[in-house]
Amino acid sequence: TLAAGLGYHDDLIRMARETFDAAGELRDSASPDLGRLRRERDTVAARVRDQAERLLQSEEYAPFLQDSFVTLREDRFVLPLLASYKSMGLGIVHDTSRTGETVFIEPTALVELNNRLKVAEIEIRRECRRILEELASEVSQAAAGLRQDRTILTKMDVLTAAARLSVAYEGEPVEIVDEPILDCRSLRHPLL
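Here the structure is a predicted model, which is why all the values come from computation and not from measurement.

**Examining the overall build of the protein chain**
- Scanning the protein chain from N- to C-terminus turns up four helices and four strands.
- Compactness check: the protein chain gives a C-alpha radius of gyration of 32 Å against a globular reference of 16 Å for 192 residues, more than 25% above the reference.
- The principal-axis extent of the C-alpha atoms belonging to the protein chain is close to 100 × 45 × 20 Å.
- Here the protein chain holds 192 residues, and the buried ones make up 27% of them.
- Within the protein chain, residue pairs in contact and separated by at least 24 positions form 50% of the contacts whose partners lie at least 6 positions apart.

**With respect to the packing of aromatic side chains**
- Per the counting criterion, the structure on display carries zero aromatic pairs.
- Residue placement shows Arg73 over the ring face of Phe104; its charged tip is 3.9 Å from the ring centre.

**Some remarks on the packing of helix α2 (residues 32-57) against helix α3 (residues 108-141)**
- Close contact between α2 and α3 brings their axes to 9 Å; oriented N to C, the two are set at 160°. Here α2 lies roughly antiparallel to α3, going by the angle between them. Of the two possible hands of crossing, α2 and α3 adopt the one that is left-handed.
- Split into classes, the residues belonging to the contact of α2 with α3 amount to 15 nonpolar, two polar and eight charged.

**Focus: the pattern of salt bridges**
- All told, the structure shown has 14 salt bridges when counted by the stated rule.
- Residue Glu121 pairs with Arg41 through a salt bridge whose shortest N-O separation is 3.4 Å. With Glu121 in helix α3 and Arg41 in helix α2, this residue pair connects regions lying 80 residues apart in the sequence.
- Judged by its relative accessible area of 26%, Glu121 is partly exposed.
- Since its relative accessible area comes to 19%, Arg41 is described here as buried.
- Here Glu127 and Arg130 are joined by a salt bridge, their closest N and O atoms 2.7 Å apart. With Glu127 and Arg130 both in helix α3, this residue pair falls three residues apart, about one helical turn.
- Residue class for Arg130 comes out partly exposed when judged on its relative accessible area of 36%.

**Brief notes about the pairing of strand β2 (residues 76-82)**
- Of all seven residues in β2, six are buried, a share of seventy percent or more.
- With three bridges joining them, strand β1 (residues 71-73) and β2 adopt antiparallel strand pairing. Bridge pairing in β2 places Arg73 opposite Arg76.
- Between the antiparallel neighbours β1 and β2 lie two residues, among them Glu74 with a positive phi of about 55°.
- Where β2 meets strand β4 (residues 102-107), four bridges bridge the pair, whose relative direction is antiparallel. Looking at the pairing, Leu82 lines up with Thr102 of β4.

Scoring rules and cut-offs
- Residues numbered from 1 in each chain as written.
- Predicted model: local features only at pLDDT ≥ 70, side-chain atom pairs only at ≥ 80, totals over all residues.
- Heavy atoms only, no water.
- Helix = DSSP H or I, 4+ residues; strand = E, 2+ residues; numbered from the N terminus.
- Rg over C-alpha atoms; globule rule 2.2 N^0.38 Å.
- Buried < 20%, exposed > 50% of the residue type's maximum accessible area, 1.4 Å probe, protein only.
- Contact = heavy atoms within 4.5 Å.
- Phe/Tyr/Trp six-rings, centres within 6.5 Å; stacked < 30°, edge-to-face > 60°.
- Lys NZ or Arg CZ within 6 Å of the ring centre and 35° of its normal.
- Axes fitted to C-alpha atoms, helices over the stretch in contact; angles between N-to-C directions.
- Parallel < 35°, antiparallel > 145°, perpendicular 65-115°, else oblique.
- Left-handed = near helix turned anticlockwise from the far one by under 90°.
- Nonpolar A, V, L, I, M, F, W, Y, C, P; charged D, E, K, R; others polar.
- Salt bridge = Lys/Arg side-chain N within 4 Å of Asp/Glu carboxyl O.
- Pairing = 2+ DSSP bridges.

Right, dumping it as structure tokens:
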């Protein structure tokens, strides 16, 4: 009887399944633009990384390098240089190491590509927000029915828990009689 009062939210369920993957992340297929934007971002990121790797191997930066790896600081690809060379105009300083011996510099040659990568990330965030707002709007429109379903499901859950507890303790239904009778011979303490 209670279950008969539950609503049908097939469109909302379908929309949620098409929007999120098993890990709760937005799918590339959640919108036509999101997949395209993510592919473009990955392409630009690969180009920036390749360019940074080439700079890492170049003779222009080799004498100033603290380490031979490319890293990210503030979502931008940077090179680790010896701190003593930070004022040589080799690029934009984004961070320093804990010891202060290394500065992370974005070479001028990477600025444009890093900017394009940043713009791509902003566009992805904007599209994700649009998708989530659209889904939130659908959920908002179904909110009254969802609240009613939650109330019904809570009642069903309580009844199921009571029934399972009764079965676990080999409970018997209470018999309603006209005269007061108390028979405690089969009574058991639930913790003993």
